[in-house]
Amino acid sequence: MEIMQVDQPLVCTRRVEGLRDINLRVLRDRKGGAHVAVDPVGCHEGHWVFTASGSAARYAAEDFRILTDLTICGIIDFWEPDES
Amino acid sequence: MEIMQVDQPLVCTRRVEGLRDINLRVLRDRKGGAHVAVDPVGCHEGHWVFTASGSAARYAAEDFRILTDLTICGIIDFWEPDES
Amino acid sequence: MEIMQVDQPLVCTRRVEGLRDINLRVLRDRKGGAHVAVDPVGCHEGHWVFTASGSAARYAAEDFRILTDLTICGIIDFWEPDES
Amino acid sequence: MEIMQVDQPLVCTRRVEGLRDINLRVLRDRKGGAHVAVDPVGCHEGHWVFTASGSAARYAAEDFRILTDLTICGIIDFWEPDES
Amino acid sequence: MEIMQVDQPLVCTRRVEGLRDINLRVLRDRKGGAHVAVDPVGCHEGHWVFTASGSAARYAAEDFRILTDLTICGIIDFWEPDES
């Protein structure tokens, strides 16, 4: 799993049916790159989270039929980001 | 899921049967790299979209038997690309 | 799917049974890196193709039991490679 | 599988149900990047381990329903890290 | 599939059960990075091989229950490594 920081929500009205109306979040990896994840945990901006990718992401989304390849699995209690 | 921008369609007459006559799109990632995706949403050039990869891409293609590893999942309402 | 250029065939007499006697091709990505792919389409050196990876690659190989993680899915009618 | 070094445990009280109360470990890859893995082996800080990713990670977690995409598969008896 | 060169065996007494007593090999990619693979072919140090990753790796290991995400699929008869 990877460690990322929660950024803004992603507003996306036109989407495939398989994503339904689930909440999407923009996450930032350690180099600042943006990724889109499903959030079944309930995060707020600034939270450090870790994510599962691949088929595990679908299982983690609480409903296997959610068509995601990246899902937030938990909020880290304390995380000191790397300098680099 | 990753955030990319829609580029031109991909013209490809000779292809494996499993792709049928589905529309293929060239997408550009944030560094300008080209990727090919199935488009079940109906995008236009310049749109910012997010994509699912891996086995989720097949589910998102509306017909699981479509042989894709990258599918457009939605059009982002508003996206300000990163500077870098 | 990724866009690559067809290089030489890969000669490989000792291989796992699951690959049988299928044709293997060396492909070059845009940075010149070499990858090995199954070719069910019938490519020639210099062709620009796009490839499916992951489990989609096995489906695209026309026989799901072919043990590949990269398969050529089609020949692009026209492709102008990036400068970089 | 990849070779990584065990760093601190990851404290994460709020998590998806599918991860239960399993131990999570921060691992460092050879460039110092942090990853989160499930540890069914029982590692200590400083150990060199190798990890399985993707669906293999779920099988390696001893319970296929554990929602991981990275699992420690073994402790390497002796490993001399690369200089670079 | 990727092209790599066989390095030393990996000695690893403590491992998850799913790997059993199968032989593990350290491989070097073209940039010198180390990876761990299952070897059902019988390679020697210095051999150039190509590998399957993901779920294909488990199929290629001759026993689908082997918990690997990287398996050697064949020994390349002749390979001239890239300069870079």
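The following paragraphs examine the structure supplied in this document. (Residues numbered from 1 in each chain as written. Chains lettered and ligands numbered in written order. Predicted model: local features only at pLDDT ≥ 70, side-chain atom pairs only at ≥ 80, totals over all residues. Heavy atoms only, no water.)

## Focus on the interface of chain C and chain E
Each partner contributes to the interface: chain C provides 25 residues, whereas chain E provides 23 residues. Where chain C abuts chain E, roughly 1,900 Å² becomes buried across the two surfaces, and 56% of that area is made up of carbon and sulfur atoms. Its largest share of buried area at the contact with chain E, chain C owes to C:R14, C:L67 and C:D69, together 30% of the area lost on that side. Where chain C meets chain E, there are 0 salt bridges. Between the two partners, chain C and chain E, sit 11 residue pairs in polar contact (both at pLDDT 80 or more). Broken down by element, the side of chain C that touches chain E gets its largest block of residues, 4 residues, from strand β4 (residues 34-38) of chain C. Grouping the constituent residues of the side of chain C that touches chain E by class yields 13 nonpolar, 7 polar and 5 charged. Here 2 bridges tie strand β2 (residues 14-15) of chain C to strand β6 (residues 70-75) of chain E, and the two strands are oriented antiparallel to one another. Within the sheet, the bridge partner assigned to C:R15 lies in β6(E) and is E:G74. (Contact = heavy atoms within 4.5 Å. Buried area = accessible area lost by both parts, 1.4 Å probe. Salt bridge = Lys/Arg side-chain N within 4 Å of Asp/Glu carboxyl O. Polar contact = N/O pair within 3.5 Å; in protein donor to acceptor, adjacent residues only side chain to side chain. Helix = DSSP H or I, 4+ residues; strand = E, 2+ residues; numbered from the N terminus. Nonpolar A, V, L, I, M, F, W, Y, C, P; charged D, E, K, R; others polar. Pairing = 2+ DSSP bridges.)

## Looking at the relation of the copies chain C and chain B
Of the transformation superimposing chain C on chain B, the axial component is 0.0 Å and the angular component is 72°, with the fit at an RMSD of 0.0 Å. Accordingly, the operation relating the two chain copies is best matched by a five-fold axis. Looking at the rotation axis and the C-alpha trace of chain C, the residue lying nearest is C:G54, at 5.4 Å. An overlap of only 4% is found between the interface residues of chain C and their copies at the interface of chain B, pointing to separate contact surfaces. (Least-squares fit on C-alpha atoms with pLDDT ≥ 70 in both.)

## Quick notes on the relation of the copies chain C and chain E
Expressed as a screw transformation, the operator carrying chain C onto chain E has a rotation angle of 72° and an axial translation of 0.0 Å, and the superposed copies differ by an RMSD of 0.0 Å. A share of only 4% of the interface residues of chain C reappears at the interface of chain E, consistent with the copies meeting through non-equivalent patches.

## Digging into the environment of B:L27
All names here are of chain B. Along the polypeptide, L27 turns up in strand β3 (residues 24-28). For L27, a relative accessible area of 0% corresponds to the buried category. If near-sequence neighbours (up to four positions away) are discounted, L27 is found in contact with M4, Q5, V6, D7, G33, A34, H35, A37, V49, T51, L70 and I72. (Buried < 20%, exposed > 50% of the residue type's maximum accessible area, 1.4 Å probe, protein only.)

## Details of the interface of chain C and chain B
Taken together, the contacts link 23 residues of chain C with 26 residues of chain B. When the two sides are added together, the surface that chain C and chain B hide from each other amounts to roughly 1,900 Å², 56% of it contributed by carbon and sulfur. At the junction of chain C with chain B, the criterion picks out 11 residue pairs in polar contact (both at pLDDT 80 or more). Residues that form the side of chain C that touches chain B fall into these classes: 14 nonpolar, 5 polar and 4 charged.

## Some remarks on a positive patch on the surface
On the surface, A:K31, B:K31, C:K31, D:K31 and E:K31 cluster together into a patch of positive charge. With a relative accessible area of 80%, B:K31 lands in the exposed category. (Patch = residues over 30% accessible without salt bridge, like charges linked within 9 Å, V, L, I, M, F, W, Y side chains within 5 Å. Areas by Shrake-Rupley, 256 points an atom, 1.4 Å probe, with all protein chains shown as cover. Lys, Arg positive; Asp, Glu negative; His and termini not counted. Charge placed at Lys NZ, Arg CZ, Asp CG, Glu CD.)

## Some remarks on the pairing of strand β1 (residues 2-9) of chain D
Residue and element names in this part refer to chain D. Sheet topology note: the β1/strand β5 (residues 48-53) ladder contains 4 bridges and is antiparallel. Bridge pairing in β5 places Q5 opposite W48. As defined by bridge partners, β1 adjoins strand β3 (residues 24-28) across 3 bridges and the pair is classed as antiparallel. Across the sheet, P9 pairs through a bridge with R25, a residue of β3.

## Focus on the pattern of salt bridges
Residues and elements named next belong to chain B. Under the counting rule described, the total for this entry stands at 5 salt bridges over all chains. For R28, the salt bridge is made with D7, and the minimal N-O distance between the two is 2.8 Å. Here D7 lies in strand β1 (residues 2-9) and R28 lies in strand β3, a separation of 21 residues in the sequence. Overall, R28 belongs to the buried group, its relative accessible area being 19%. Overall, D7 belongs to the buried group, its relative accessible area being 16%.

## Side note on a nonpolar patch on the surface
A contiguous nonpolar surface patch, about 840 Å² in accessible area, is contributed by A:Y59, A:F64, B:Y59, B:F64, C:Y59, C:F64, D:Y59, D:F64, E:Y59 and E:F64. For D:F64, the position within the fold is in the loop between α1 (55-60) and β6 (70-75).

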